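Here is what each chain is made of, one letter per residue.
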2 protein chains.
Amino acid sequence: MEQLQYQEGRTEIGQLGKVALIDRLTADTGCQGDDAAVLGKGKKRTLVTVQTLVEGVDFDMMYTPLKHLGYKSVAVAISNIAAMNGAPRHALVSLAVSNRYSVEALDELYAGVRLCCDRYNVSLIGGDTRSTRAGMVLTVTAIGDADEDKIAYRSGAKHNDLICVSGDLGSAYAGLLVLEREKVTYQANPNFQPDLDGFDYVLERFLKPEPRMDIVKKLAEKEVVPTSMTDVSEGLADSLLHLGKASGYGCEVYEERLPIDYQCSRVCSEMSKNMLPVSCALNGGRDYELLFTVDQKDYEKIKTMEGIHIIGYVTEKGMPSVMVTPQNTTIELRAQGFTKQ
Amino acid sequence: MEQLQYQEGRTEIGQLGKVALIDRLTADTGCQGDDAAVLGKGKKRTLVTVQTLVEGVDFDMMYTPLKHLGYKSVAVAISNIAAMNGAPRHALVSLAVSNRYSVEALDELYAGVRLCCDRYNVSLIGGDTRSTRAGMVLTVTAIGDADEDKIAYRSGAKHNDLICVSGDLGSAYAGLLVLEREKVTYQANPNFQPDLDGFDYVLERFLKPEPRMDIVKKLAEKEVVPTSMTDVSEGLADSLLHLGKASGYGCEVYEERLPIDYQCSRVCSEMSKNMLPVSCALNGGRDYELLFTVDQKDYEKIKTMEGIHIIGYVTEKGMPSVMVTPQNTTIELRAQGFTKQ
């Protein structure tokens, strides 16, 4: 009766990247591969997206306050609406949870959900609640809208466009590294008091990311419409490859231009000699910053905008996406596997 | 660091019903407690709903073909759109899955997702894929629409309305009972060949339910707009209590009027002397039939409609919801707990 045991030609999920897996599963459907689906006709379009967080993979209950988790579950869904240059309006929360959690614990979780909804003017309009045998899975559907001519798809980048990123990269992953280190020490000695001093910024970046609606607003104020956009949820390399693949053009970014916070660098130097801040930025993920391209004509507007960094430009059709090091070495960017944690 | 260990005043999830839990978590938000949220202004409204299926709770991989599971995950979400008297248009599928599953297994799952989408003219527009440590959680967001004056809310029932239900009740739960029985026998003796002969109807009802879009269409053809509606996902008792609570009126249904298939009765008689078909209908759940109320003026239209049964009527304000037995005993209906499986 167990149909999984006898398959011929078995392909492991890890053999495909996450993107290749989704592409395969949704081939010939209406899925466009953007951060959110675009619905409707006319000037105002509806944006819909769904984001799932899984206990033991996306969060660890050892160090995740439930209120932060509720906040983050909504924030990462809103980030997908921001990545389309849209405004979030509504959210639905589906919670699959074991009876290990008390009602008071779920109150905390929902306090975070509401806080994020309130902060971004999102109305919580529905959801589902299911029990699980173990663990928690949180799925948030976010619905937003955008003017048809302002929507930023992944596919719109063109030759010579500037590549920009908001905020800084790698900090969320650095925060995760700190929490994992403290967890291991705590498990070895439960009397141990976690030492989180001086890491407040990277911890907040991991535990309570903010969708960059402020950047969407600034771009609108300056009348800059990105030619393409996505958010940085799986690392800069992954996001650049998305934009490159969708548009057909190559991307070239400069290592020394990547915005990296000093706390991220400090975590790397404390952790291991093999851990480089640039690796956190490229492959760490969970930053939920916006990566976008703009036409060269918008250079003057962009260069003075606070919180936005120009990190490279769009090269020619069919070229690979690469990073140029300070030593002028060109490194081709590669996708991370689905199983990365 | 483990914040769940030290809570005072802990309330177990099982102490609240599922409905009470959702009510508590979403108090003071825009959640109306209908099967789907209603968005927009003007004549045509947008309907949005989300439904989650959890491995080990909603399905067991021992006896659930993945294609059926994919189909069911979309079907149950569409059922919520049907329950608002609307038409489904789009779906997003979020899949949280462990690496135990091969890519080919997920192909099977998505073949079912697409089959259901195709059958109900739904376009698959997006989704998310996450890994889990163990188990699978499937969340489907369905988006549909309906004319503003045709939407059936849970709250619209009024005194003397007729209570109607589509199809039959209890069969899906009977199918689950058969599968669980065969599983136990198989686990005791792996050489055992499951005996599913003569249970094809109840098995299909559990493994591959159909959202009753045909009923929505028939009602529209006869120009009958239900005064209230919901689907029967957690059992007839639960659904009646929803309609009663939302409207403020009581419901009275007659046991001998409840539509129950002979295969359901056969399963009950084979299983145990304590298992009554009426219990499957009231509390078994998973039928995904439509429960609705209509004005008395529509009686002539309704009574000749194939696949619809008039099972009772709406009583007065503030009355409890009850079932009357053939012996004329009145039994008050009660909600099931969240932990029911």
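Calculation criteria
- Residues numbered from 1 in each chain as written.
- Chains lettered and ligands numbered in written order.
- Predicted model: local features only at pLDDT ≥ 70, side-chain atom pairs only at ≥ 80, totals over all residues.
- Heavy atoms only, no water.
- Core = buried A, V, L, I, M, F, W, Y, C linked by side-chain atoms within 4.5 Å.
- Buried < 20%, exposed > 50% of the residue type's maximum accessible area, 1.4 Å probe, protein only.
- Helix = DSSP H or I, 4+ residues; strand = E, 2+ residues; numbered from the N terminus.
- Contact = heavy atoms within 4.5 Å.
- Axes fitted to C-alpha atoms, helices over the stretch in contact; angles between N-to-C directions.
- Parallel < 35°, antiparallel > 145°, perpendicular 65-115°, else oblique.
- Nonpolar A, V, L, I, M, F, W, Y, C, P; charged D, E, K, R; others polar.
- Pairing = 2+ DSSP bridges.
- Buried area = accessible area lost by both parts, 1.4 Å probe.
- Polar contact = N/O pair within 3.5 Å; in protein donor to acceptor, adjacent residues only side chain to side chain.

Enquirer: Kindly report on the nonpolar core, identifying the contributing residues and their values.
Expert: One finds L69, L106, L109, M136, F292 and I302 of chain A to be the most contacted residues of the largest nonpolar core, which totals 61 residues. The element that contributes the greatest number of residues to this core is helix α2 (residues 66–82) of chain A, accounting for ten residues. Not counting chain neighbours up to four residues away, the residues in contact with M136 of chain A comprise L53, V54, E55, F59, M61, L66, L69, L95, A96, V97, Y101 and L109 of chain A. With 60 residues, the next largest nonpolar core counts L21 of chain A together with A105, L106 and C116 of chain B among its residues.

Enquirer: Which residues make up the packing of helix α7 (residues 236–247) of chain A against helix α9 (residues 277–284) of chain A, and what values do they have?
Expert: Residue and element names in this part refer to chain A. Interhelical geometry of α7 versus α9 gives an angle of 45° and a closest axis separation of 4 Å. In terms of axis orientation, α7 runs oblique to α9. Residues L236, A237 and D238 of α7 form the contact with α9, whose own contacting residues are A281, L282 and N283. When grouped by side-chain class, the residues that make up the contact of α7 with α9 number four nonpolar, one polar and one charged.

Enquirer: Can you tell me about the sheet that holds strand β4 (residues 123–131) of chain B, naming the residues and giving the values?
Expert: Residue and element names in this part refer to chain B. A sheet is described by the order of its strands in space; here five strands give the open sequence β1-β2-β5-β3-β4, paired in mixed fashion. The open sheet has two edge strands, β1 (37–39) and β4, and neither has a second partner. Averaged over all neighbouring strand pairs, the angle between strand axes comes to 20°, with direction disregarded. For strand β2 (residues 44–54) and strand β5 (residues 136–147), the ladder comprises eleven bridges, and the chain directions are antiparallel. When the bridges of β5 are listed, R45 appears paired with A146.

Enquirer: Requested: an account of the sheet that holds strand β1 (residues 37–39) of chain A, with residues and values cited.
Expert: Residue and element names in this part refer to chain A. Taken together, five strands build an open sheet; the order of strands is β1-β2-β5-β3-β4 and the sheet is mixed. The two strands at the open ends of the sheet, each matched to only one other strand, are β1 and β4 (123–131). Each strand of the sheet is rotated relative to its neighbour by a mean of 20°, with strand direction disregarded.

Enquirer: Before we move on, could you go through the interface of chain A and chain B and cite the residues and values that matter?
Expert: On the chain B side, the residues contacting the 75 residues of chain A number 74 residues. The junction of chain A with chain B conceals about 7000 Å² of combined surface from both sides, 58% of it contributed by carbon and sulfur atoms. At the boundary of chain A and chain B, one finds 23 residue pairs in polar contact (both at pLDDT 80 or more). Of all the secondary-structure elements, those providing two or more residues to the side of chain A that touches chain B are α1 (18–25), β1, β2 (44–54), β3 (87–97), α3 (103–119), β4 and β5 (136–147) of chain A. Ranked by residues supplied to the side of chain A that touches chain B, first place goes to β4 of chain A with eight residues. Residue composition of the side of chain A that touches chain B, by class: 35 nonpolar, 25 polar and 15 charged.

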